[in-house]
Amino acid sequence: MSVNKQRWWKEAIVYQVYPASFLDSGAGNKPGWGDIPGITSKLDYLKHLGVDVLWLSPIYKSPQADMGYDIADYKDIDPVYGSLEDVDNLISELKKRDMRLMMDLVVNHTSDQHAWFLDSRSSTQSSKRDWYIWKPAKYDKDGNRQPPNNWSMILGEENSAWTYDEKTDEYYLSLFTAEQPDLNWENPDVREAVHDVLRFWLDRGCSGFRMDVINHISKVQTFPDADVIAPDHKYQPGFKYYCNGPRLHEWLKNMRAEVLDKYDTITVGEMPFVRDENEILKIVREDEKELNMIFIFEQVDIDNEPGKYRMTLRDWDADEIRKIFSHWQRLMIDKDGWNSLFVENHDNPRSVSRYCNDSDEFRELSAKLLCLMMTTLAGTLYVYQGQELGMRNVPLEWSPEEYKDVESINYWKKMNNMYPGNKEKLDFAHYLLQRKARDHSRTPVQWSAEPHAGFCKADVTPWMRVNDDYKEVNAEAQRKQNDPDKLSVLQFWKRGLANRKEHKDVFVYGDFQVLDENDKKVFAYKRASEKEAFVLALNFSKDEVKWQVPEAAKVKKWVAGNYTAGQPDKPTSGTITLRPFEGVLGTSEV
Ligand code: GLC
């Protein structure tokens, strides 16, 4: 049985807002971009849904080279989104509703327009020179200038992670884009400056942080060349030398003791590329005193070719879903760590499109199937804007020019350079964009069937095109749906979240047991507290499946499912039929 102690942040439902695409109230400074007053105006909608914590993707002053993940001033708001007063107002409106704010802390790097970097690059003698990672050039045997090592840039895969600065004739490390120079955390002044940023926001009333690529802050100081995994590329992923580096734990413990523990906070670290259990437990075990939880990427990497770049695709089945989720579920229960649960965020395609089937026939069922899974697993639950509506990827008919994300733009450019005029290769690259690009989660939220889906005024052009399906898929229609036999996706989520809270001893803190180890289509599990238990059977395939209810399930009654608003009509033992993407929830003997 679970050893996990009860904490408010474990029970919280966190809702991620991507500010540019949430709602343009017209009050911000840039027509067609969402703004803070727009977010504040939707707090009742979120409260009604069951949300406790609002996580805002970055709203700080930024040139927007990477949509705000390039910060030019940590203590000011980008005028596009509003002002500090707007944030104060948002915080006080959240408090009135017993909700909290989580900010996005992006401190692996800043913008190249941040005052610290402008100073740092001004001269090798600058007092801020050592706030970033500067290295001299290397020269090859022909005397050509080369970057200090072979690491590739993460959002511009074919480029070097090092950017040359003509003025001082040195390179700076910029793992993501040239506009996002990496901070030098080895310098204690940098660490103190980060603590100061944390305190600034906590004192203003924010309750915690999602920490952007926080496992990249400590780099192996010899900066060795990365192993060659892609021989046709000049530069290679250097993860091994900057993910979970030598001083990460020291710095996280320090941040916790110096700052976070002085407040009542929620913390989640974004940690790509890490899978090592012991390494993860060192961060999230309660007694380690580092972070409350992290985002582990295994379920969103499910369709990448192993060891390859993100823009790749492979097939997978429910067996893998089961293995991934049950592994982390068990580990955190057994070892007193904590999970974050997520299948969507601003860096991933829509979950109905990725994990299930987003055709008109199956989109709603798919969204509800994923909701059944997410609301019944252990961990802090993260819902991404539009996920509660079952929003899907943009269609293949959209040309690559509609994609606005720096990663997509760089990828498309690179493929065109590598394969000019090669229709087959470029069609496949376009197909990959349609499956994997980050843009799919960044289209404006579909509020209604009004022009631009109600995201902005009719005479304004949204910064990114609205998905074509908004007349059918939108919040207003789903809120108003009045069908005794069928809940809308939004209504289903609301019910699921309420159910999770009502039975938190089971769903948040209870034990987890896989029920069927081998089925390639159905993921089935049992959750139990000392007093009650539930069983889930989730068919992740487009096929009708005859599924043998396992002995251990001990189902008393099927109480909910995604095909009807009422109780599923199925026997509780023997073989049951699960229709395509059908999921059912049953009560069970403890
Ligand atoms: C994180 C963010 C992503 C951003 C990157 C660089 O992965 O989620 O959107 O591009 O960090 O800050």
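Position numbers for residues start from 1 in each chain and track the written sequence from start to end. Per-residue local features of the predicted model are confined to residues with pLDDT of at least 70, and side-chain atom pairs are confined, for both listing and counting, to 80 or more; whole-chain, interface and lining totals are unaffected and use all residues. Calculated side-chain values reflect all of the structure's heavy atoms, with hydrogen atoms and water omitted.

Looking at an unreviewed UniProt entry, one finds the protein named Glycosyl hydrolase family 13 catalytic domain-containing protein and attributed to Aureobasidium mustum. UniProt positions are given in the numbering used here, feature names are shortened, and annotations may be inferred rather than shown by experiment. If you open the UniProt record of the protein and go to Sequence similarities (unreviewed entry), you find "Belongs to the glycosyl hydrolase 13 family."

**Points about the packing of aromatic side chains**
Pairing of aromatic side chains requires ring centres within 6.5 Å, counting the rings of Phe and Tyr and the six-membered ring of Trp. Pairs whose planes differ by under 30 degrees are stacked, by over 60 edge-to-face, and all others tilted. Within the structure shown, the criterion is met by 35 aromatic pairs. Residues Tyr60 and Trp201 carry aromatic rings whose centres are separated by 5.8 Å and whose planes lie at 75° to one another, so their mutual orientation is edge-to-face. Pair noted here: Tyr60 is in strand β3 (residues 60-61) and Trp201 is in helix α7 (residues 188-203), with a separation of 141 residues, a long-range link. The same class applies to Tyr60 and to Trp201, which are both buried. Note on Phe117 and Tyr132: the rings are 4.9 Å apart at their centroids and 80° apart in plane angle, and the pair reads as edge-to-face. Here Tyr132 lies in the loop between α6 (115-122) and β6 (134-135) and Phe117 lies in helix α6, a separation of 15 residues in the sequence. The same class applies to Phe117 and to Tyr132, which are both buried. Grouped by ring-pair contacts, the aromatic residues Trp151, Trp162, Phe223, Phe239, Tyr241, Tyr242 and Phe273 constitute a single cluster. Strands are runs of DSSP state E lasting at least two residues, helices are runs of H or I lasting at least four, and both sets are numbered from the N terminus onward. Summary of the burial criterion: residues with accessible area below 20% of their type's maximum are buried, those above 50% are exposed, and those between are partly exposed, where the area comes from a 1.4 Å probe applied to protein chains only.

**Details of the packing of α7 against helix α9 (residues 248-258)**
Contact pair α7 / α9: the axes reach a minimum separation of 11 Å and the direction vectors enclose 40°. The angle between α7 and α9 places the two elements in the oblique class. Read as a crossing pair, α7 and α9 show a hand that is right-handed. Counting all contacts with α7, which are made through Arg191, Val194, His195, Leu198 and Arg199, the residues of α9 involved are Trp251, Asn254, Met255 and Glu258. Throughout, the ten residues Ala, Val, Leu, Ile, Met, Phe, Trp, Tyr, Cys and Pro are labelled nonpolar, Asp, Glu, Lys and Arg are labelled charged, and all others, Gly among them, are labelled polar. Here the residues of the contact of α7 with α9 are counted per class, giving 4 nonpolar, 2 polar and 3 charged. Lines fitted to C-alpha atoms define the axes here, with helix axes fitted over just the stretch in contact, and angles between the N-to-C directions of these axes take values from 0 to 180 degrees. Comment on the angle field: the value is read as roughly parallel under 35 degrees, roughly antiparallel over 145, roughly perpendicular from 65 to 115, and oblique elsewhere. For a crossing to be left-handed, the near helix must be turned anticlockwise from the far one by less than a right angle; the clockwise case is right-handed. Here a residue-residue contact requires only that any non-hydrogen atoms of the pair lie within 4.5 Å.

**What about the site of the ligand?**
Residues in close proximity to the ligand total 14 residues, the closest being Asp66, Asp212, Glu270, His346 and Asp347. For the ligand, the accessible surface in isolation is 300 Å², of which the surrounding protein chains cover 96%. Applying the majority rule of atoms within 2 Å of the grid points places the ligand in the largest pocket. For the shell around the ligand, the class distribution of residues is 4 nonpolar, 3 polar and 7 charged. Note on terminology: near, applied to a residue and a molecule or strand, indicates that one of the residue's heavy atoms is within 4 Å of it. We get accessible surface area from the Shrake-Rupley algorithm with a probe of 1.4 Å; when it comes to residues, only the shown protein chains can shield them. With a 1 Å grid laid over protein atoms only, a set of points is called a cavity when a 1.4 Å probe fits there but cannot get out and a pocket when it is open yet has protein on both sides within 12 Å along at least five of seven lines; lining residues have an atom within 4 Å of a point. What decides whether a molecule sits in a cavity or pocket is whether more than half of its atoms lie within 2 Å of the grid points.

**Looking at the confidence of the model for the protein**
pLDDT measures the predictor's confidence residue by residue and takes values from 0 up to 100. When pLDDT is averaged along the protein, the result is 96; 99% of the residues meet or exceed 70. Mean pLDDT across the elements of the protein ranges from a minimum in helix α14 (residues 406-418), with 93, to a maximum in strand β1 (residues 13-17), with 99.

**Structural notes on the sheet that holds strand β10 (residues 170-173)**
The rule for pairing is simple: two strands pair if DSSP sees at least two bridges between them. The sheet built from 3 strands is open, its strands ordered β6-β10-β9 with antiparallel pairing. The open sheet has two edge strands, β6 and β9 (162-165), and neither has a second partner. Note: β9 against β10, 4 bridges, orientation antiparallel. Considered in β10, the bridge of Thr163 is made with Tyr172.

**Quick notes on the sheet that holds strand β18 (residues 533-539)**
The strand order β16-β17-β18-β22-β20 describes an open sheet built from 5 strands, whose pairing is antiparallel. Looking at strand neighbours, the two that pair on one side only are β16 (511-514) and β20 (555-561), the edges of this open sheet. Going from strand to strand, the sheet's axes swing by 25° on average, the running direction of each strand aside. Relative to the sheet, helix α11 (residues 318-335) contacts β16 and β17 (522-528), its axis offset from that of β16 by approximately 150°.

**Some words on the layout of surface pockets**
The calculated volume of the largest pocket comes to roughly 1100 Å³. Lining the largest pocket are 49 residues, with Phe239, Pro272, Phe273, Asp301 and Lys308 sitting closest to its centre. Along the lines of polarity and charge, the residues of the lining of the largest pocket split into 20 nonpolar, 10 polar and 19 charged. Grid points are joined across faces, edges and corners, and a volume is the space filled by probe spheres set on the points. Taken as a whole, the second largest pocket encloses approximately 440 Å³ of empty space. Met311, Thr312, Tyr411, Met415 and Tyr419 are, among the 21 residues lining the second largest pocket, the residues nearest its centre. Secondary structure elements with two or more residues in the lining of the second largest pocket: α14 and α15 (423-436).

**Comments concerning the environment of Lys556**
Among the secondary structure elements, Lys556 is positioned in strand β20. Judged by its relative accessible area of 54%, Lys556 falls in the exposed class. C-alpha of Lys556 to C-alpha of Ala533: the two residues are 23 residues apart in sequence and 9.8 Å apart in space. The contacts of Lys556, once residues within four sequence positions are left out, are Thr572, Thr587, Ser588 and Glu589.

**Topic: a nonpolar patch on the surface**
Together, Leu396, Phe428 and Tyr431 give the surface a local cluster of nonpolar side chains, amounting to about 270 Å² of exposed area. Take Leu396: it is sitting in the loop between β15 (380-384) and α14. Note on Leu396: relative accessible area 38%, which makes it partly exposed. Patches were defined on residues exceeding 30% relative accessible area and lacking a salt bridge, with like-charge contacts within 9 Å and nonpolar side-chain contacts (Val, Leu, Ile, Met, Phe, Trp, Tyr) within 5 Å. Whenever a carboxyl oxygen of Asp or Glu lies within 4 Å of a side-chain nitrogen of Lys or Arg, that contact is scored as a salt bridge.

**Focus on the nonpolar core**
Throughout, nonpolar core names a set of buried Ala, Val, Leu, Ile, Met, Phe, Trp, Tyr and Cys residues whose side chains join them through atoms within 4.5 Å. Core analysis: the biggest nonpolar cluster contains 147 residues, and Tyr15, Leu54, Leu101, Trp201, Phe209, Met373 and Phe540 have the highest contact counts within it. Residues in contact with Leu54, not counting those within four places in the same chain, are Tyr15, Val17, Ile39, Leu43, Leu46, Leu90, Leu94, Arg100, Leu101 and Met102.

**A short note on the environment of Pro568**
Summarising the element assignment, Pro568 is placed in the loop between β20 and β21 (575-578). Along the sequence, Pro568 and Lys557 sit 11 residues apart, while their C-alpha atoms lie 9.1 Å from each other. Setting aside chain neighbours within four positions, we find Pro568 in contact with Trp558, Val559, Ala560, Gly561 and Val584.

**Observations regarding the pattern of salt bridges**
Applying the stated criterion across every chain, the model contains 55 salt bridges. Glu186 is the partner of Arg247 in a salt bridge, and the nearest nitrogen-oxygen pair spans 2.8 Å. Of this pair, Arg247 sits in the loop between α8 (239-242) and α9 while Glu186 sits in the loop between β10 and α7, and the two are 61 residues apart along the sequence. A relative accessible area of 24% means that Arg247 is categorised as partly exposed. Among the ionic pairs, Glu407 bridges to Arg310, the shortest N-O distance being 2.7 Å.

**Overview of the environment of Glu472**
Mapping Glu472 onto the fold places it in the loop between α15 and α16 (475-480). A relative accessible area of 57% means that Glu472 is categorised as exposed. For the pair formed by Glu472 and Ser448, sequence separation is 24 residues and the distance between their alpha carbons is 8.9 Å.

**Side note on the packing of α14 against α15**
Put simply, α14 and α15 touch, their axes get as near as 10 Å, and they point 170° apart. When the interaxial angle is binned, α14 and α15 end up roughly antiparallel. In this structure, α14 uses Ser408, Tyr411, Trp412, Met415 and Asn416 to contact α15, whose residues at the interface are Leu426, Ala429, His430, Leu432 and Leu433. In terms of residue class, the contact of α14 with α15 is made up of 7 nonpolar, 3 polar and no charged.

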